[in-house]
Amino acid sequence: MELRPIFATLRKHRIPAILIVLEIALACAVLCNAVFMISLRVGQMHLPNAIDERGISLITVNGADPKLAGSDIPRDLAALRGIAGVTAAAASNTVPLSTNNIGWSFGTSPDTTLSTQHTLNMSMYFVGEGADQALGLKLLQGRFFTNDEYADSKLGSGVLPGIHVAVLTKNAADRMWPGQSALGKTFYSKPNFYQVIGVVANVMRPWVGDEEHAYNAVYFPLAPDGMTSGYIVRSAPEDRERILQQAEQILQKLNPSAVVKGRTFTDIRNRFFADTNSMAWMLALVCVVMLAVTAFGIVGLTSFWVAQRRRQIGVRRAVGATRGDILRYFQTENFLLAGLGIVLGMALAYGFNLFLMRHYELPRLPGIYLPAGALALWVIGQLAVLGPALRASNVPPVVATRAA
Amino acid sequence: MFGYYLDLAVRSFRRNRVLTALMVLALALGIGATITTLTILRLLSGDPLPQKSAQLFYPQLDPSPMDGYVAGQTKPPAIMTWPDAMNLLRAHRARYQAAMAPLQARIVPQRANQPPYFADGVMTTADFFPMFDVPFQYGGGWTAGDDDSHAAVAVISGALNQRLFGGENSVGKTLRIEDHDFRIIGVLKPWSPQPMFYSVAQSGRNYGDGTSIFLPLQTARANLMSPSGDIECYAAITDIQHLETAPCEWLAVWVQLDTPAAVADYKRFLDGYVHQQIALGRLKRPDNSLLSLMGVLREQQVVPDDVRLQVYLAFGFLLICVVNTVGLLLAKCLRRSGEIGVRRALGATRRAVFAQFMVEAGIVGMAGGVLGLVFAELGLWAIRHQPAQYASLAHLDIGMFAFTFVVALTASLIAGLLPAWRACLLAPAPQLKAS
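Reading the values: the criteria
Residues numbered from 1 in each chain as written. Chains lettered and ligands numbered in written order. Predicted model: local features only at pLDDT ≥ 70, side-chain atom pairs only at ≥ 80, totals over all residues. Heavy atoms only, no water. Helix = DSSP H or I, 4+ residues; strand = E, 2+ residues; numbered from the N terminus. Buried < 20%, exposed > 50% of the residue type's maximum accessible area, 1.4 Å probe, protein only. Contact = heavy atoms within 4.5 Å. Areas by Shrake-Rupley, 256 points an atom, 1.4 Å probe, with all protein chains shown as cover. Lys, Arg positive; Asp, Glu negative; His and termini not counted. Charge placed at Lys NZ, Arg CZ, Asp CG, Glu CD. Phe/Tyr/Trp six-rings, centres within 6.5 Å; stacked < 30°, edge-to-face > 60°. Lys NZ or Arg CZ within 6 Å of the ring centre and 35° of its normal. Disulfide = S-S within 2.5 Å. Buried area = accessible area lost by both parts, 1.4 Å probe. Salt bridge = Lys/Arg side-chain N within 4 Å of Asp/Glu carboxyl O. Polar contact = N/O pair within 3.5 Å; in protein donor to acceptor, adjacent residues only side chain to side chain. pLDDT = per-residue confidence, 0-100. Core = buried A, V, L, I, M, F, W, Y, C linked by side-chain atoms within 4.5 Å. Axes fitted to C-alpha atoms, helices over the stretch in contact; angles between N-to-C directions. Parallel < 35°, antiparallel > 145°, perpendicular 65-115°, else oblique. Left-handed = near helix turned anticlockwise from the far one by under 90°. Nonpolar A, V, L, I, M, F, W, Y, C, P; charged D, E, K, R; others polar. Patch = residues over 30% accessible without salt bridge, like charges linked within 9 Å, V, L, I, M, F, W, Y side chains within 5 Å. Arc of directions from axis to C-beta.

Caption draft 1: Focus on the overall build of chain B. Regarding its fold elements, chain B presents 15 helices and twelve strands. Across its three principal directions, the C-alpha atoms of chain B cover 100 × 60 × 35 Å. Among the 435 residues that make up chain B, the fraction classed as buried is 55%. Contacts in chain B between residues at least 24 apart in sequence constitute 74% of all its contacts with a sequence separation of at least 6. Surface exposure of chain B reaches about 18300 Å², of which carbon and sulfur atoms provide 58%. Here chain B contributes 36 positive and 32 negative side-chain charges, whose respective centroids are spaced 18 Å apart.

In structure tokens, the structure reads:
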């Protein structure tokens, strides 16, 4: 295909050409960054979480007398286990993504204190007997707690439990002792120390800041205590709603002065990611509408110059150009304009990303987004130009002979 | 002349219905997105207490040990320990000073068969009410004497009063909170600063109905009520119940300073206090700060990054829409070169042609603005149905309403400049000949 006539006409219609290029460039810049931001958010929402998410619910009982926890909690658990369909139930202070977080810093050296540098901040899960089954935790190494360990572990008025055993998530274990097995090792926060007796597959924290630290968590056994005011109930997914209702009623009756509230884990997850989710949808909506607007702009401008060049097209047809030639002419023209816009758009996309990296701690735009964005805009350009180009190819040669 | 241009514009719109509709639609989408995101940004970055915010300040100091300290780089924590908060309060160096911590208070309704529920509360000291200009419907706040004598008194919000007592004057009645009886001494008029700035350092950005229960700090603590916000500990603790002696920060202190001189004075006092405590061996780090209310909101990043990103994106989108409108307007007006030629030949000046096309662009802009408003309302409606805390506050106000038209008109006139300029440059003769 001869490109020279295209360049010659484009030079005559410089302003519309520049506008198309500009529109594609802007669309390319916004599209690449928006799709990247969507992917970051979708990635966040799909981080793996090694518990039985679809089968568990959490029921909190707040405001019961903590002094009676030792008798209340076993009684409540027995009632919960009595509900038809409940396969496991256990007490816990919190569950992943519930935003109810207690973080503490631990180190590998015996004189580690809370304010020491080089400690690992971990979310603490205080769990009662049976929590591993209730959550569906996946043990990778070692063992979970024994009945004695649960019974002997008390908080008293402190924050850390008195017993010296703990289970870590895989990530926390790897961070604490890179390249070594964590099993049997000890970690500290003066004056407390804990031996790692088990490692479980990565479970998310109750509050996830950034992905890098999403899994730093530790499990401690705990005898019934005012702290463990939540009950994890596991069942078949389809039984959850019914069980939740029954459980709320039963627990409210058993604890009349407490505030009883139940939620499925799906609910907890949805609430945690609500903002992330709506941001992703809003970005997707902007992308779609933006591409539509860009496409309509191309249709409008191309229609205009097809109308303007009817005579020229007629002449070309009269001297032997086929319909296909005319069609290809406009498509090539759009391909060239889009290409120019994409080159400019990539520079813009990169600049926009640099700005976001500096001010909003966004990661660098991966290279793959640029060719993908380019391809998308080329396709949209070709689709948008198709209509006007077909109309151009339908211009009969006889137009050449008429006065314009 | 304006009427004539208007007439011409309407005629031209009729001739190119699809093109015009596309222009208006694109512009409206851009404007709708921009106004929606800007409304949210304005809502979130607003001043929670406009009449008073300039006089409210937030002292901060650092009780952590020297380990890990980098001079000039380590920022003091956002909240304070009990001893420091009490020392600052007792010094009485500001017009008003109050310490506070958020609280989840369990209320047991007196009526039978009603399950107990949690209400958002704050435990604070007497100056809270005059310092924040809290408006009372019945009764009033408590005194410094009530603070010291651990009086079992409570102030409740109008909404809670409505819920519990049907809105009648409940001053003197008893309310059971966390299994303790409190005597109601005040009922507020509707009062809900957005965000709830006074506990922003402990419980993050908080929008909505505001606090419903206010209890004297010392009384609440004597009844072992725990703060529901952030508790930061800087050393091993043995007793989390007794936060007064624990090495933990959990209180916010606010002070009212009326003049710049008072602010400078207070900062000097704060420096002096920190040095005195260092000399006594209680504190180690010299850093301290005294931020203004709006400064605290910035420091605490009350406006989420996502909201700013949305605004940038919306403006990028609006820019695309404007470029698109430039293109379409240009296409339209160049198609009418014949008409322009005739007008020019009949004596219309370049200025007249220019004005005509600007009027046309303006009309597109106004139409885009009206439709954009519809889109903005739609966008805000969608946001109101999101689970975000601020969702219910997402409404278009008069200012934004007017601003929509300013944006629409500006965008369309900028878009119209190039086509109008091209049109008025057309020489009359060749156009007449061509047609």
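Caption draft 2: Up close: the packing of aromatic side chains. Counted according to the given criterion, the structure contains 36 aromatic pairs over all chains. When the ring of F106 of chain A is compared with that of F220 of chain A, the centres are 6.3 Å apart and the planes differ by 55°; the resulting orientation is tilted. One end of the pair, F106 of chain A, is in strand β3 (residues 103-106); the other, F220 of chain A, is in strand β9 (residues 217-221), with 114 residues separating them in the sequence. Accessibility expressed as a relative area gives 0% for F106 of chain A, which makes it buried. Directly above the aromatic system of Y117 of chain B lies the positively charged group of R163 of chain B, at a separation of 3.6 Å from the ring centroid. The lysine or arginine in question, R221 of chain B, covers the ring of W250 of chain B, its NZ or CZ lying 5.1 Å from the ring centre.

Caption draft 3: A look at the state of the cysteines. According to the stated counting rule, one finds one disulfide over all chains in the structure shown. Residue pairing for C233 of chain B: its cysteine sulfur links by disulfide to C248 of chain B, the two sulfurs lying 2.1 Å apart. Between C233 of chain B and C248 of chain B, the S-S dihedral sits near 95°, and the bridge is therefore right-handed. Placement of the pair is C233 of chain B in strand β9 (residues 232-233) and C248 of chain B in strand β10 (residues 248-249), with a sequence separation of 15 residues. Residues C233 of chain B and C248 of chain B agree in their burial class; the two are buried. The cysteine C28 of chain A is free of any disulfide, with C32 of chain A supplying the nearest cysteine sulfur at 4.3 Å. For C28 of chain A, a relative accessible area of 0% puts it in the buried group.

Caption draft 4: Focus on the environment of G369 of chain B. Residue and element names in this part refer to chain B. Structurally, G369 is set in helix α13 (residues 350-384). For the pair G369 and L29, spaced 340 residues apart in sequence, the C-alpha to C-alpha distance is 9.4 Å. Setting aside its immediate chain neighbours within four residues, G369 contacts I31, T404, F405 and A408.

Caption draft 5: Highlighting the interface of chain A and chain B. The partner chain B presents 47 residues to the 49 residues of chain A that form the contact. Of the roughly 4100 Å² buried at the junction of chain A and chain B (both faces included), carbon and sulfur atoms supply 74%. For D306 of chain B, the salt bridge identified is with R41 of chain A, shortest N-O distance 2.4 Å. Counting across the interface, chain A meets chain B through six residue pairs in polar contact (both at pLDDT 80 or more).

Caption draft 6: Representation of the pattern of salt bridges within the structure. The tally for this structure, following the rule as stated, stands at 24 salt bridges over all chains. Between E168 of chain B and K173 of chain B there is a salt bridge, and its shortest N-O distance comes to 3.1 Å. For E168 of chain B, a relative accessible area of 46% translates into the label partly exposed. On the accessibility criterion, K173 of chain B (31% relative accessible area) is partly exposed. Bridged by salt links that share partners, the residues D72, R75 and D76 of chain A form one connected network.

Caption draft 7: Molecular detail of the confidence of the model for chain B. Summing up the model confidence of chain B, the mean pLDDT is 89 and the portion of residues at 70 or higher is 98%. Model confidence for the complex: the whole-complex pTM is 0.85, and ipTM, which rates the interface, is 0.82.

Caption draft 8: Local environment of the nonpolar core. Residue and element names in this part refer to chain B. Counting residues in hydrophobic clusters, the biggest one holds 152 residues, and the most contacted among them are F128, F132, Y198, F214 and W254. Here this core takes 18 residues from helix α11 (residues 305-335), the largest share from any one element. With sequence-adjacent residues up to four places away left out, Y198 is seen in contact with M100, V122, F128, F132, W191, P193, T211, F214, A252 and W254.

Caption draft 9: The environment of S64 of chain B, seen in detail. Residues and elements named next belong to chain B. Locating S64 in the fold gives a position in the loop between β1 (56-61) and α3 (82-91). By relative accessible area, S64 is classed as buried at 13%. Taking the C-alpha atoms as reference, S64 lies 31 Å from F129; in sequence the two are 65 residues apart. Discounting residues that sit within four places of it in the chain, S64 has contacts with Y234, E249, K284 and R285. Here the side chain of S64 touches D62 through a polar contact of 2.9 Å, side chain to side chain.

Caption draft 10: Representation of the packing of helix α9 (residues 274-308) of chain A against helix α12 (residues 369-393) of chain A. Residues and elements named next belong to chain A. Close contact between α9 and α12 brings their axes to 9 Å; oriented N to C, the two are set at 30°. As summarised for this structure, α9 and α12 are arranged roughly parallel, according to the angle between their axes. In the crossing of α9 with α12, the sense of the turn from one axis to the other is right-handed. Note on element contacts: α12 touches α9 through L377, I380, G381, A384, V385, P388, R391 and A392, opposite L291, A295, I298, V299, T302, S303 and V306. Counted by class, the contact of α9 with α12 contains eleven nonpolar, three polar and one charged residues.

Caption draft 11: Just a nonpolar patch on the surface, in detail. Residue and element names in this part refer to chain A. Side chains of L375, V379 and L383 sit close together on the surface and give an oily, nonpolar patch of about 310 Å² of accessible area. Mapped onto the elements, V379 comes out in helix α12. Judged by relative accessible area, which is 44%, V379 ranks as partly exposed.

Caption draft 12: Molecular detail of the side chain of S170 of chain B. Within the secondary structure, S170 of chain B sits in the loop between α6 (158-165) and β6 (174-177). At a separation of 2.7 Å, a polar atom in the side chain of S170 of chain B contacts the side chain of N161 of chain B.

Caption draft 13: Fine view of unusual backbone geometry. Geometrically, the link from K190 of chain A to P191 of chain A is a cis peptide bond, its omega value of 5° lying close to zero. Following the sequence through the fold, P191 of chain A ends up in the loop between β7 (186-189) and β8 (192-200). The amide bond that connects Q194 of chain B to the next residue, P195 of chain B, takes the cis arrangement and shows omega of -10°. When you line up the elements, P195 of chain B lands in the loop between β7 (180-188) and α7 (200-203). If you check the backbone angles, H92 of chain B has positive phi at about 50° while not being a glycine. Its location among the elements puts H92 of chain B in the loop between α3 and β2 (96-107). Here L224 of chain B, not a glycine, exhibits a phi torsion of approximately 60°, which is positive. Topologically, L224 of chain B is positioned in the loop between α8 (217-222) and β9.

Caption draft 14: Expanded view of the packing of helix α11 (residues 323-360) of chain A against α11 of chain B. At their nearest, the axes of α11 of chain A and α11 of chain B sit 12 Å apart, and the two run at 160° to each other. As summarised for this structure, α11 of chain A and α11 of chain B are arranged roughly antiparallel, according to the angle between their axes. Here α11 of chain A runs over α11 of chain B; the crossing is right-handed. Between α11 of chain A and α11 of chain B, the contacting residues are F352, F355, L356 and Y360 of chain A on the first element and D305, R308, L309, Y312 and L313 of chain B on the second. By residue class, the composition of the contact of α11 of chain A with α11 of chain B is seven nonpolar, no polar and two charged.

Caption draft 15: Geometry of helix α8 (residues 265-272) of chain A. Residue and element names in this part refer to chain A. Of the residues making up α8, those classed as buried are F265, I268, R269 and F272. Seen end-on, α8 carries its buried residues on one side only, within an arc spanning 95°. Elements in contact with the buried residues of α8: α2 (14-45), β1 (56-62), α7 (240-254), β11 (259-264) and α9.

Caption draft 16: Broad picture of helix α10 (residues 310-318) of chain A. All names here are of chain A. Listed as buried for α10 are I313, G314 and R317. Axial view of α10: buried residues confined to an arc of 105°, hence all on one face. Next to the buried residues of α10 lie α9, α11 and α12. Backbone geometry just after α10 places G320 at a positive phi near 115°.

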